[in-house]
Amino acid sequence: MKRLLYVLAIIGILTADFRTSLAQLMEAKSEFTRADSLRGNLTPLRTCYDIQYYHLDVKVDIDNKFISGSNLFRFKATSDFKRLQFDLFANLKINKIVYKGAELPFTREYNAVFVVFPTSINRGTEDEFTVYYEGHPTEAARAPWDGGFDWKKDSNGKPWVATACQGMGASVWWPNKDHQYDEVDSMLISVAVPNEVMNVSNGRLVDREKLPGGYTKYYWKVTNPINNYNVAINIGDYIHFKEKYKGEKGLLDVDYYILRENDIPEKKAHLQKNARQTLEAFEHWFGPYPFYEDGYKLVETHHTGMEHQSAVAYGNHYQNGYRGRDDSGTGWGQKWDFIVVHESGHEWFGNNITSADLGDMWIHESFTNYSEALFIDYFYGKEASQAYVHGIRRGIRNNAPIQGPYHVNKEGSGDMYPKGGVMLNMVRTIIDDDKQWRSILRGLNKRFYHQQVDYKDITTYINQTSGIDLSKVFEQYVKHASIPTLEIQQDTKGKILGRWISDVTGFQMPIHIGIRGQERQLIQLDQQFREIKIPGLSKENIDVDTFNYYVGLLIE
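Residues numbered from 1 in each chain as written. Predicted model: local features only at pLDDT ≥ 70, side-chain atom pairs only at ≥ 80, totals over all residues. Heavy atoms only, no water.

Participant: What is the right way to read the overall build of the protein from this model?
Facilitator: Within the protein one finds 11 helices and 29 strands. Its C-alpha atoms give the protein a radius of gyration of 25 Å, within 12% of the compact-globule value 24 Å for 556 residues. Judged by the C-alpha coordinates and their principal axes, the protein covers about 90 × 55 × 45 Å. Split into buried and exposed, the 556 residues of the protein put 58% on the buried side. (Helix = DSSP H or I, 4+ residues; strand = E, 2+ residues; numbered from the N terminus. Rg over C-alpha atoms; globule rule 2.2 N^0.38 Å. Buried < 20%, exposed > 50% of the residue type's maximum accessible area, 1.4 Å probe, protein only.)

Participant: How should I be thinking about the packing of helix α8 (residues 418-431) against helix α11 (residues 471-479) in this particular structure?
Facilitator: Packing of α8 against α11 leaves a shortest axis separation of 10 Å and a crossing angle of 165°. The pairing of α8 with α11 is recorded here as roughly antiparallel in orientation. As for the relative orientation of α8 and α11, their crossing is right-handed in sense. Judged by residue contacts, Lys419, Met423, Met426 and Val427 of α8 engage Val473, Phe474, Tyr477 and Val478 from α11. Of the residues belonging to the contact of α8 with α11, the class tally is 7 nonpolar, no polar and 1 charged. (Axes fitted to C-alpha atoms, helices over the stretch in contact; angles between N-to-C directions. Parallel < 35°, antiparallel > 145°, perpendicular 65-115°, else oblique. Left-handed = near helix turned anticlockwise from the far one by under 90°. Contact = heavy atoms within 4.5 Å. Nonpolar A, V, L, I, M, F, W, Y, C, P; charged D, E, K, R; others polar.)

Participant: Is there a simple way to think about the UniProt feature "domain: Aminopeptidase N-like N-terminal" (unreviewed entry) in the protein in this case?
Facilitator: When the UniProt feature table is mapped onto this chain, "domain: Aminopeptidase N-like N-terminal" (unreviewed entry) is found at residues 52-229. Within the segment residues 52-229, helix and strand shares are 0% and 57% respectively, and the terminal C-alpha atoms sit 16 Å apart. (UniProt positions renumbered as here; feature names shortened; annotations may be inferred.)

Participant: Explanation requested: the sheet that holds strand β17 (residues 250-259) in the structure shown.
Facilitator: Where strands meet in a sheet, backbone hydrogen bonds hold them as pairs that are either parallel or antiparallel. Strand order in the open sheet formed by 5 strands is β16-β17-β18-β20-β19, and the pairing between neighbours is mixed. Strands at the two margins of the open sheet, each flanked by one partner only, are β16 (238-247) and β19 (305-306). Pairing between β16 and β17: 10 bridges, direction antiparallel. The partner of Lys244 across the bridge, within β17, is Asp253. Sitting on the sheet, helix α4 (residues 265-286) touches β16, β17, β18 (296-300) and β20 (312-314), and the angle it makes with β16 is about 30°. Packed onto the sheet, helix α5 (residues 338-345) meets β18, β19 and β20 and runs at close to 160° relative to β20. (Pairing = 2+ DSSP bridges.)

Participant: Help me out: how do you make sense of the environment of Ser355 in this one?
Facilitator: Counting through the fold element by element, Ser355 comes out in strand β21 (residues 353-355). Residue Ser355 is classed as buried on the basis of its relative accessible area, which comes to 0%. Counting along the chain gives 30 residues from Ser355 to Ser385, while the straight-line C-alpha distance between them is 26 Å. Not counting chain neighbours up to four residues away, the residues in contact with Ser355 comprise Gln180, Asp360, Met361, His364 and Val453. At 3.1 Å, the side chain of Ser355 forms a polar contact with the backbone oxygen of Asp357. (Polar contact = N/O pair within 3.5 Å; in protein donor to acceptor, adjacent residues only side chain to side chain.)

Participant: Could you clarify how one ought to interpret α8 in this entry?
Facilitator: One turn of the α-helix equals 3.6 residues, which is why residues spaced by three or four share an orientation. Spanning 14 residues, α8 covers 20 Å between terminal C-alpha atoms, matching the ideal 20 Å at 1.5 Å per step. Counting buried positions along α8 yields 14 of 14 residues, so the element is predominantly enclosed. Looking at the residues trailing α8, positive phi occurs at Asp432, about 60°. (Expected span 1.5 Å × (residues − 1).)

Participant: Hey, could you run me through unusual backbone geometry in this one?
Facilitator: Glycine aside, the phi torsion of most residues is negative, and most peptide linkages are trans. Cis rather than trans, the peptide bond between Ala143 and Pro144 has omega equal to 0°. Relative to the helices and strands, Pro144 resides in the loop between β8 (126-135) and β9 (148-153). Although it is not a glycine, Asn398 adopts a positive phi angle of roughly 55°. At Asp432, a position not held by glycine, the phi torsion is positive, near 60°. The topology assignment puts Asp432 in the loop between α8 and α9 (434-447).

Written out as structure tokens, the structure reads:
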């Protein structure tokens, strides 16, 4: 126990009242239900068809908190089948499913819908069906931390409505194949809303149509692949302004939709400055913005923010920090608008590169948490960046792995934010070549452009391109709750020995060690005691880089 307490004291894990950059997610549960498996598992009823196009057509009755409409599924059969599954929450009624002019029989189990076709659909066939539905969608009690519709009013009493459904799933409000492994190639989103407000969704506004009964329908075309939880409705009394950003792929359309009450030059300038700086920094580190064809826009919402692809939800009240505060405690987090930077970072990690299973959401959140530090690095320097990363350790709990279980629609620990960012900064420190590190980050976005990935894809790529086998490092920090401890001893001959204490068999990781006041060396250590060959090194003067390496340290 004495050893454990000493290690914890060195690590400095503070969990009492500290809140991480984003709210911590629910911890993984030990038992899963049939409903979890229906949502999370890739059965033949889901893999038999590849989604190519959706047309989501919805009318929003704001007064009654009611939606009605349809979604066209256009698909290509990947195998012969007569039956398939799509998803829609059970509280929403399916009026009919139409295929070639006739209604299809269907059954429902929890939030899964099973459709039977009249004849077998053969592999390679391109076909389509349309689901008509209606109902009162789930209302988000605390968007975006829980999912559904966020029904609010602005200060002038006008409707202000948004959807947010990450984690809970897009099927909380519209029918789709609700699994991240299959992103639709393109889609049309048409939303009818009362004339006093407008709707803003993903992609580009291509048409608007006046309807009877005091409604207007807005048509938004999404050209690039998009994952389901990113599809968004934003309804409000918006004013629109725009600009062009000269980026790596040419001129990028940048649009802003803010409430009429916030049509104030200082507020507009705040958004424009942060958007431009974010695009500049992230194109430098990650490569071209991944959705030039669909543009980039910030849309004001009542909830704090979400990474809705090409329509980033913004609710940070035109201030720096996260709601005005800096959770790193360093001051660096108050020099920029957290929501613009963090949620835009997801355009690269989350939207461009998407985890195929919810269990690997750490890929989205770890890299995007780390993108905050890279933003600081670009504008304020590496030392400031590393100070910020070190500061966010205070939110790490080390109580569960940051990777969740596969096939049950469950994320890992909320540590995927700060711990994941700290881990990636540590990997950068191990590689010790910032030019190569930037090449790796850009290479990830190029290699997996508009693709779905898993743990193996990401770790294998980094191992191969860095030339360093970091497999055991990723395994320890991603798949286990605890962190490794570096144990230092002095043998009877005065030699200084070191080894790793770790959950992972065969764990090895290099770490920078030196004599206090002198330059450190990169020392390779594993789970066997090895001599640290630095002339003049002793237990009293040893200097281990625990600032950039998130490890326990035990000197005996």
